[in-house]
Structures are given as C-alpha cells and as structure tokens.
Amino acid sequence: MDIMMTAEKQKEGPSWDVLFPHAVSFDQPGYNYTSMGVGGKIDRIMCPRSASELGDMVSLLRTHHIPYTVVGNWTNLIVTDKGFRGALIWTKNLDRVWAERDKNHAQKITAQAGALLMELVGLTMRENLTGLEFCGGIPGTVGGAVRMNAGAYGHSVSESIVAVTLMDGEGRTRAWEREDLFFEYRNVHLSPGHLIVDATFQVFPAAQGQVEAKVSKIMADRMAKHPLNYKNAGSIFKNPKNHAPAGHLIEEAGLKGYAVGDAAISEKHGNFIINRGGASAADILALIEHVQETIFLRYGILLEPEIKVIGEQ
Ligand SMILES: Cc1cc2nc3c(=O)[nH]c(=O)nc-3n(C[C@H](O)[C@H](O)[C@H](O)COP(=O)(O)OP(=O)(O)OC[C@H]3O[C@@H](n4cnc5c(N)ncnc54)[C@H](O)[C@@H]3O)c2cc1C
C-alpha cells in the first residue's frame, strides 16, 4: 500500500527525482520529525540544498497548485494525526552561518534559515560576541526563530535583527531592513506565501569568557526548569498580557500532571506539555482545549497557543 501511494505521488505533477535528486521524500510519518513525537503521514518533505533550489521548489509547487509550508527544526509545531497533504519544505540544508564587520566595524552574523540558533550561539561564544546569549538552549532554526520572534530571559530575536531576506510565492528574494518588518511577541507579520531565507543579527565585542559564562548559566537554568527528558515543544501557550505567566496560571489552577492519554501537563513546568510515550496529536489538542477552558472559567483569560498546528484536521 505504501509503495503504491509513493508511486502515485511520484507520478503526480513534476518528476521530483529528476528535478531534485535525493531532495524529496514521500509519505513520511510526522512523529519521526516533530519534537513532540506526534503526527501522521506527510505527503512530501522537500529539502532544498541552496536558496536557488528553494526558489525552484516554491515556484514549481505553486505552478502545480500543491499546498506547501516551510519547517525548520520542528520544535514549535505539531502535525495532526491525519498528516499533511502537500509538501513541507524542510530548511535543514540551508545552514550556512558567517560573521562579518560592516564599514563602521560593527560585527554582524548572517545565517541561513536552516542554521540552528545554537550554532550562532556557539559562534558568539568562540568569538566573544555578546547579544544572542538568551538564545542559548532554544532548539529552533534561524527561520523558525525569526518567524516566531523567539525569545527568553526578557529578550527576543527581533532586538538583534538587522535584516531578513524573504522569498515570495514566486520564488523571488528581497532583503528587508529591520525597520520594514513588523515584529510582535512571538510573531512577525509576513505576507502570505513569504518565507525566511536568511537573517542578519547585530552582536557586540565582549570580554573573553563573558559570553560563554552567561550561556552556561542560562543552559543550567533551563535544565533545572524544563522537562527536557520528555518529548515536548517548549512553551505551549503565549504569556497573556498584564497577567501572571501562563505557566503560573496553569499551576495555580491545579493542572500540573493533568493528562489526556499520554499527553500531560509537565509536573516540572506548567506551560510545557510532555509526551509520556504514546501521545497523539489529538491528545495534545484536547489537553490544550481543556487548559484553555479551565483557565478561562477561573480567570477569564483565553490562553493563546504559541505552538503551530499543521496538517489535515
Ligand atoms: C525544549 C524547548 C525549549 C524551547 N524554548 C523556547 C524559548 O525559550 N523561547 C522560544 O521562543 N521558543 C522556545 N521553544 C520553541 C521553539 O524552539 C522556537 O519557537 C523556535 O524558534 C522554533 O524554531 P523551529 O526551527 O523549530 O521552527 P518550526 O517548529 O519548524 O516552525 C515553527 C513555525 O515557524 C515557521 N517557519 C519555520 N521556518 C521558517 C522559514 N524559514 N520561513 C518562514 N516560516 C518558517 C513554521 O512554518 C512554523 O509556523 C522551545 C522548544 C523546545 C522543544
């Protein structure tokens, strides 16, 4: 059955293997990819090896009316149990990172969308460059971090961004200055069909060892507070404005440990849902709904999920 499905999809539309040899895989189980360990079958996963191949893929998918979305390190999303019809463009091979000084001798780091934030953090530790320490321990890519305006310890990536290269739905790229982009808490506004190709960050010289010490402290704090021995997707809910953080509200409402199937609110951190082993996406979504209802009835606050849900409902 699976072989037939694969053969069918290879026949549909363009000759994927000819156009993008070894860059497309079919009928992949989402649970193998998401950090939550959930998700049904994904029709196609496409891994461009360059920005120009990314452009070719995007324009081809559009020409053939195949729905697509882009993913980074899969750490802030879940795929539904029914899976994803269309194509997920996975940026893992767009992972170049480079540092440069501009004409004013300011230090900048540019990274392609698929580079891991931790890769950037590692570079700043080696080169004693301050500004991105708060990203220590965030397991996403640069593309995912820009899209989510990822942040921690009172900072978010938008504070350090100088420019972002975006690709439109026709596969054309354009560099955008920080001032022309609209960032907000855990979000950046992108026109439909736009995706992040690379981003440039401003960093500053620091004393030898200072950056490393700060990152080590942050990593230790995360180890102590987060349930890292279980599959998870980081914070499930955004913190509500002008209220206690979501995790505090969830804890105060007595929801720590509450479970639907194998999806449970972590005993360690109220804003983490953990997969105790066999959770489905439906379990996680039902748990999210239960938390939202409970918190709304108790505090009149509607918690907004931070994680993204993709796939057939
Ligand atoms: C243990 C743990 C700790 C975490 N701690 C934090 C934290 O402290 N702070 C925080 O903010 N987050 C945290 N997260 C969540 C997550 O790591 C971040 O949101 C991260 O930035 C997501 O990056 P990603 O590459 O995994 O994105 P994905 O999960 O792959 O995608 C997330 C969203 O971004 C979109 N996207 C990805 N790449 C692109 C692109 N190139 N162009 C356009 N859209 C794109 C996707 O379509 C999706 O909508 C944590 C997660 C875990 C598992």
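Residues numbered from 1 in each chain as written. Predicted model: local features only at pLDDT ≥ 70, side-chain atom pairs only at ≥ 80, totals over all residues.

Draft legend 1. Up close: the overall build of the protein. Helix and strand content of the protein: 8 helices and 20 strands. Taken over C-alpha atoms, the radius of gyration comes to 20 Å for the protein, in line with the 20 Å a tight globule of 313 residues would show. Based on the C-alpha atoms only, the size of the protein along its principal axes is roughly 55 × 55 × 30 Å. Buried residues in the protein amount to 40% of all 313 residues. Sequence-distant contacts, at least 24 apart, represent 65% of the contacts inside the protein between residues at least 6 apart. (Helix = DSSP H or I, 4+ residues; strand = E, 2+ residues; numbered from the N terminus. Rg over C-alpha atoms; globule rule 2.2 N^0.38 Å. Buried ≥ 20, exposed ≤ 12 C-beta atoms within 10 Å, placed from the backbone. Contact = placed C-beta atoms within 7 Å.)

Draft legend 2. Representation of the packing of helix α4 (residues 117-127) against helix α6 (residues 210-225). Interaxial distance between α4 and α6 falls to 7 Å at its minimum, and their mutual angle equals 140°. The orientation of α4 with respect to α6, classified from their angle, is oblique. Residues Val121, Thr124 and Met125 of α4 form the contact with α6, whose own contacting residues are Val211, Glu212 and Val215. Looking at side-chain class alone, the contact of α4 with α6 contains 4 nonpolar, 1 polar and 1 charged residues. (Axes fitted to C-alpha atoms, helices over the stretch in contact; angles between N-to-C directions. Parallel < 35°, antiparallel > 145°, perpendicular 65-115°, else oblique. Nonpolar A, V, L, I, M, F, W, Y, C, P; charged D, E, K, R; others polar.)

Draft legend 3. Molecular detail of the sheet that holds strand β2 (residues 41-46). Pairing within the open sheet is mixed, and its 4 strands lie in the order β1-β2-β5-β3. The open sheet is flanked by β1 (24-29) and β3 (68-71), the only strands paired with a single partner. Across the sheet, the mean angle separating the axes of adjacent strands is 35° when strand polarity is ignored. In the sheet, β1 pairs with β2 via 5 bridges, with the strands oriented antiparallel. Paired with Ser25 across the two strands is Ile45, which belongs to β2. (Pairing = 2+ DSSP bridges.)

Draft legend 4. Seen up close, the site of the ligand. The full set close to the ligand counts 32 residues, and Gly72, Gly140, Gly143, Gly144 and Gly234 are the nearest of them. Sorting the residues of the shell around the ligand by element identifies β3, α5 (142-148), β9 (151-152), β15 (195-205) and β16 (231-235) as the ones contributing at least two each. Broken down by class, the residue content of the shell around the ligand amounts to 15 nonpolar, 15 polar and 2 charged. (Near = placed C-beta within 6 Å.)

Draft legend 5. Quick look at the confidence of the model for the protein. Looking at the protein as a whole, its pLDDT mean stands at 94, while 95% of the residues score no less than 70. Counted against residues more than four places away or in other chains, residues 1-7, with its pLDDT under 50, gives 4 contacts. (pLDDT = per-residue confidence, 0-100.)

Draft legend 6. Representation of the pairing of β15. Counting buried positions along β15 gives 8 out of 11 residues, so the element sits mostly inside the fold. When strand β7 (residues 107-112) meets β15, the two strands line up antiparallel, connected through 6 bridges. Looking at the pairing, Thr110 lines up with Thr200 of β15. The pairing of strand β8 (residues 129-130) with β15 spans 2 bridges and is classified as antiparallel. Following the sheet pairing, Thr130 is matched in β15 by Phe204. Bridge count for strand β11 (residues 161-167) against β15 is 6 bridges, and the pairing is antiparallel. Bridged to Met167 within β15 is Leu195.

Draft legend 7. Just the sheet that holds strand β17 (residues 259-260), in detail. Read from one edge to the other, the open sheet built from 4 strands follows the order β16-β19-β18-β17, with strand pairing classed as antiparallel. The outermost strands of the open sheet, each flanked by one partner alone, are β16 and β17.

Draft legend 8. Expanded view of α4. Those residues of α4 that fall on the buried side of the exposure criterion are Leu117, Leu120, Val121, Thr124 and Met125. Within α4, the buried residues cover an arc of 140° as seen down the axis, which keeps them to one side. Looking at the buried positions of α4, the neighbouring elements they touch are β6 (97-101), β7, β8, α5, β15 and α6. (Arc of directions from axis to C-beta.)

Draft legend 9. Molecular detail of the environment of Leu120. Structurally, the position occupied by Leu120 is in helix α4. Take Leu120: there are 26 C-beta atoms within 10 Å of it, and that puts it in the buried class. When the C-alpha atoms of Leu120 and Gly40 are compared, they prove to be 32 Å apart, with 80 residues separating the residues in sequence. Excluding anything up to four places from it in sequence, Leu120 contacts Val97, Ile109, Ala111, Ala115, Leu132 and Cys135.

Draft legend 10. Region of the structure containing the domain arrangement of the protein. For the protein, the domain assignment lists domain 1 (2-90), domain 2 (97-211) and domain 3 (228-310). For domain 1 and domain 3, the distance between their C-alpha centroids amounts to 29 Å. Between domain 1 and domain 3, the contact holds 14 residues from the first and 14 residues from the second. Here the side of domain 1 that touches domain 3 takes 3 residues from strand β4 (residues 77-79), the largest share from any one element. Residues of the side of domain 1 that touches domain 3, tallied by class, amount to 6 nonpolar, 7 polar and 1 charged. (Domains from an automatic or database assignment.)

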